[in-house]
Amino acid sequence: MDSACLIMLSDCGGAEFARDKGIPVILFPRRKGAQEVFSAEDLVIALRSYRVDFILLAGYLKLIPVELIKAYRKAIVNIHPSLLPAFGGKGYYGMKVHKAVIASGARYSGPTIHYVDEEYDTGRILAQRVVPVLAKDTAEELAARVLDEEHKLYVAVCAALCEERISWREDGVPLIQSKQDPNDYR
Ligand SMILES: Nc1nc2c(c(=O)[nH]1)N[C@@H](CN(C=O)c1ccc(C(=O)N[C@@H](CCC(=O)O)C(=O)O)cc1)CN2
Ligand SMILES: NCC(=O)N[C@@H]1O[C@H](COP(=O)([O-])[O-])[C@@H](O)[C@H]1O
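Residues numbered from 1 in each chain as written. Chains lettered and ligands numbered in written order. Predicted model: local features only at pLDDT ≥ 70, side-chain atom pairs only at ≥ 80, totals over all residues. Heavy atoms only, no water.

A.B. asks: Describe the environment of arginine 31, and please don't skip the residues or the numbers.
C.D. replies: By the element assignment, arginine 31 lies in the loop between strand E2 (25-27) and helix H2 (40-49). Residue classification places arginine 31 among the exposed positions, given a relative accessible area of 61%. Between the C-alpha atoms of arginine 31 and leucine 6, which are 25 residues apart in sequence, the distance is 17 Å. (Helix = DSSP H or I, 4+ residues; strand = E, 2+ residues; numbered from the N terminus. Buried < 20%, exposed > 50% of the residue type's maximum accessible area, 1.4 Å probe, protein only.)

A.B. asks: Describe the environment of histidine 114, and please don't skip the residues or the numbers.
C.D. replies: Tracing the backbone shows histidine 114 in strand E6 (residues 112-115). Look at histidine 114 and you get buried, because its relative accessible area is 2%. Spatially, the C-alpha atoms of histidine 114 and alanine 127 are 6.9 Å apart, while their sequence positions differ by 13 residues. Those residues in contact with histidine 114 that sit more than four places away from it in its chain are Ile76, Val77, Asn78, His80, Leu84, Asp121, Gly123, Arg124, Ile125 and Leu126. Engagement of the side chain of histidine 114 in a polar contact is seen with the side chain of aspartate 121, the distance being 3.5 Å. (Contact = heavy atoms within 4.5 Å. Polar contact = N/O pair within 3.5 Å; in protein donor to acceptor, adjacent residues only side chain to side chain.)

A.B. asks: Describe the packing of aromatic side chains, naming the residues involved and giving the relevant values.
C.D. replies: In this structure the tally under the stated criterion is two aromatic pairs. Ring geometry for phenylalanine 28 versus phenylalanine 38: centroids 6.3 Å apart, planes at 70°, classification edge-to-face. Of the two residues, phenylalanine 28 is situated in the loop between E2 and H2 and phenylalanine 38 in the loop between E2 and H2; the sequence distance between them amounts to 10 residues. Like phenylalanine 38, phenylalanine 28 is buried. Taken together, a centroid distance of 4.9 Å and an interplanar angle of 40° make the contact between tyrosine 115 and tryptophan 168 tilted. With a gap of 53 residues between them, tyrosine 115 in strand E6 and tryptophan 168 in strand E9 (residues 166-168) connect regions that are remote in the sequence. Above the plane of the ring of tryptophan 168 lies lysine 74, whose end atom (NZ or CZ) is 4.2 Å from the centre. (Phe/Tyr/Trp six-rings, centres within 6.5 Å; stacked < 30°, edge-to-face > 60°. Lys NZ or Arg CZ within 6 Å of the ring centre and 35° of its normal.)

A.B. asks: Any details on the nonpolar core? Residues and values, ideally.
C.D. replies: Counting residues in each nonpolar core, the largest one holds 19 residues, and the members touching the most others are Ile55, Ile64, Leu68, Tyr72 and Ile76. Listed by contribution, the elements that provide at least two residues to this core are H2, strand E3 (55-57) and helix H3 (66-71). Examining the composition of this core, we find that five residues originate from one element, H2, more than from any other. Residues Ile113, Cys158, Leu161 and Ile176 belong to the second largest nonpolar core, which totals 14 residues. (Core = buried A, V, L, I, M, F, W, Y, C linked by side-chain atoms within 4.5 Å.)

This is the structure in structure tokens:
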């Protein structure tokens, strides 16, 4: 990857880790009363200055502003810990998702990676993996099973993005071309 930049909601372990690796960190949105205003337009300018090509969300809990969506069309993806469109949207994040899945009696769950549009979790689905929901699962046990697949799926999708193996079906569904078999799209 030529360049990287971390966008965080707040200063946390991830921000410290990134700084230690020499990766620029931007806190967005700024806390109320912060010394300097940093608008969505400022964020786009900053990302362009760092030559950022893709934006990968993971546990980012605020709505990405439309200015960023427009500036990074088909270049912002998010990972969500359920099989969207089920258990997605405002209020569905972290353990809330897994608790809702278990309470529903669903027998399967799993991560979804989707393109980010103006609303929460309504962007085009790019990839999913399925895990079983066991009868006696706690939300924490299900979360761990889903997270294990998230970590594998995000790596595979990032590789496909960087290697330009994403194509778009006529109906607007994004497909990933297999690295092993160029005739296989998922
Ligand atoms: N424009 C978009 N922004 C974001 C998306 C998206 O699809 N489009 N995905 C989210 C990630 N996400 C689910 O994957 C998600 C994150 C947070 C929420 C939510 O309800 N947040 C609360 C605030 C929570 C807090 O501040 O602690 C809220 O908005 O009331 C739903 C889904 C990232 N951004
Ligand atoms: N709707 C968004 C959402 O729930 N995202 C989820 O947050 C976790 C990452 O958080 P962490 O890396 O901060 O622990 C991941 O499980 C991701 O699917």
